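The residues making up each chain are set out below.
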Amino acid sequence: MNAPSPPSPALVQRVAALVADARRILCVTGAGVSAESGLPTYRGVGGIYDGENTGDGMTIEEALSGPVFRRRPEITWRYLLEIERACRGAVPNAAHEVLARWSNCTRPPAEVWVLTQNVDGLHSAAGSQNLIEIHGDLHRLRCTSCPWRARVQNYEQLSALPCCVDCGALLRPEVVLFEEMLPESPTQQLQAQLTLGFDLVFSIGTSSQFPYIVQPVVMAKHQGLPTVEINPHETTISSLVDLRLACSAGATLRAIDQALSEEG
Ligand code: NAD
Ligand code: ZN
């Protein structure tokens with residue numbers, strides 16, 4: 001695929017002006033934000049996500065589902081290990097860094113929240129405050145039976161079917177598997193923030209497949225508030241947003257940030 005073209009300066013200026021005027025900004029992010037850190041996106045990529053079925057005769061969604069984890073945890077763990085291996089050694093890119101800088105800013109934009117579907121921990125590694133990891137983080141492991149929990153830097157030392165050092169039961173990462181409920185705490189946090197309201201919503205590097213990822217954009221639209229999408233490809237929300245930058249997340253956010261600092 002050709003590299004996406006750079007963002008148009010006029011569009012960048014318009015978005016920078018929206019950011020400068022906003023009091024509360026929500027940035028909804030997905031796998032595309034980590035693409036420039038070398039991580040594969042989920043849909044339409046090669047490697048482990050390519051093709052209809054995994055080597056186990058099931059789709060990747062089935063292999064990474066709650067029911068298969070309960071029935072055949074060795075299958076789910078095999079793909080969790082592959083995903084973690086793909087993340088290993090990755091560092092935040094310009095997109096994570098700009099969002100982290102905005103979220104730490106004490107002057108306008110006053111409050112920036114990041115709602116991410118990514119489980120790679122890169123927003124947190126970049127230092128983002130006000131972060132809602134709605135699908136969890138691969139680097140947090142917990143026991144399926146006792147209160148044991150730990151943060152692991154990588155899965156290198158883990159066995160194919162990792163077990164708890166305290167009770168011997170199966171371990172799992174604190175991520176949302178397909179067909180599982182969203183975790184309570186980030187869901188409540190998201191609802192509380194949506195109730196407080198945002199006056200600018202970004203959708204960045206996500207194909208927007210899940211209702212709770214689309215919802216903030218739809219809410220803003222209904223309230224007549226500005227919405228911006230940064231994604232080289234069209235998505236389910238492209239026709240809905242006010243401004244669309246068909247460019248990569250890192251270069252675009254860097255350009256917006258630059259325009260903001262020149263303004264301010
Ligand atoms: P997705 O793969 O469905 O969509 C990725 C989107 O990013 C696409 O629309 C693509 O056009 C866009 N994109 C690609 N390169 C980009 C770039 N440089 N800049 C901006 N956009 C770019 O991913 P999703 O919408 O996040 O949903 C996938 C699901 O899989 C989620 O549930 C997520 O938890 C999981 N997942 C997470 C990671 C991660 O943690 N990094 C990686 C893959 C999948
Ligand atoms: Zn245990």
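Below or above, wherever it landed, is the structure these notes cover.

1. Digging into the coordination of the zinc ion (ligand 2)
Moving on, step 1. Protein coordination at the zinc ion (ligand 2): the donors are C143 (SG), C146 (SG), C164 (SG) and C167 (SG), at 2.2 to 2.3 Å from the metal.
Moving on, step 2. Angles of 99 to 116 degrees at the metal separate the 4 donor atoms of the zinc ion (ligand 2), which places the site in the tetrahedral class.
Moving on, step 3. Taken in sequence order, the residues that donate to the zinc ion (ligand 2) follow the motif C-x2-C-x17-C-x2-C.
Moving on, step 4. Residue classification places C143 among the buried residues on the basis of a relative accessible area of 4%.

2. Points about helix α9 (residues 211-222)
Moving on, step 1. A rise of 1.5 Å per residue sets the reference length of α9, with its 12 residues, at 16 Å; its end C-alpha atoms lie 15 Å apart and thus fit the reference within 8%.
Moving on, step 2. Within α9, burial applies to Y212, I213, V214, P216, V217 and A220.
Moving on, step 3. Downstream of α9 by one or two residues, G224 has phi in the positive range, about 75 degrees.

3. Re the nonpolar core
Moving on, step 1. Membership of the largest hydrophobic core comes to 29 residues, with the highest contact counts inside it found for W77, L80, L138, L141, C143, W148 and Y155.
Moving on, step 2. Contributing elements (two or more residues each) for this core: α3 (60-63), α4 (66-71), α5 (73-87), β4 (136-143) and β6 (171-175).
Moving on, step 3. A total of 7 residues in this core trace back to one element, the largest contributor, which is α5.
Moving on, step 4. The contact partners of L80, leaving out residues within four places of it in the chain, are L64, L138, Y155, P173, V175 and L177.
Moving on, step 5. Core analysis: the next-biggest nonpolar cluster, separate from the first, contains 28 residues, I25, I230, L245 and L253 among them.

4. Concerning the sheet that holds strand β8 (residues 227-230)
Moving on, step 1. Pairing within the open sheet is parallel, and its 6 strands lie in the order β3-β2-β1-β7-β8-β9. Lying at the two open borders of the sheet, with one neighbouring strand each, are β3 (131-133) and β9 (243-245). With direction set aside, neighbouring strand axes in the sheet form an average angle of 15 degrees.
Moving on, step 2. Taken together, the 4 bridges between strand β7 (residues 200-204) and β8 define a ladder with parallel strand orientation. Pairing of I204 across the sheet is with I230, part of β8.
Moving on, step 3. Relative to β7, α9 is tilted by about 145 degrees, and along the sheet it contacts β1 (24-29), β2 (111-116), β7 and β8.

Conventions we followed
- Residues numbered from 1 in each chain as written.
- Chains lettered and ligands numbered in written order.
- Predicted model: local features only at pLDDT ≥ 70, side-chain atom pairs only at ≥ 80, totals over all residues.
- Heavy atoms only, no water.
- Donors = N, O, S within 2.8 Å, 3.2 Å for Na, K, Ca; no water.
- Tetrahedral: all angles 85-135°; square planar, octahedral: opposite > 155°, others 65-115°.
- Buried < 20%, exposed > 50% of the residue type's maximum accessible area, 1.4 Å probe, protein only.
- Helix = DSSP H or I, 4+ residues; strand = E, 2+ residues; numbered from the N terminus.
- Expected span 1.5 Å × (residues − 1).
- Core = buried A, V, L, I, M, F, W, Y, C linked by side-chain atoms within 4.5 Å.
- Contact = heavy atoms within 4.5 Å.
- Pairing = 2+ DSSP bridges.
- Axes fitted to C-alpha atoms, helices over the stretch in contact; angles between N-to-C directions.

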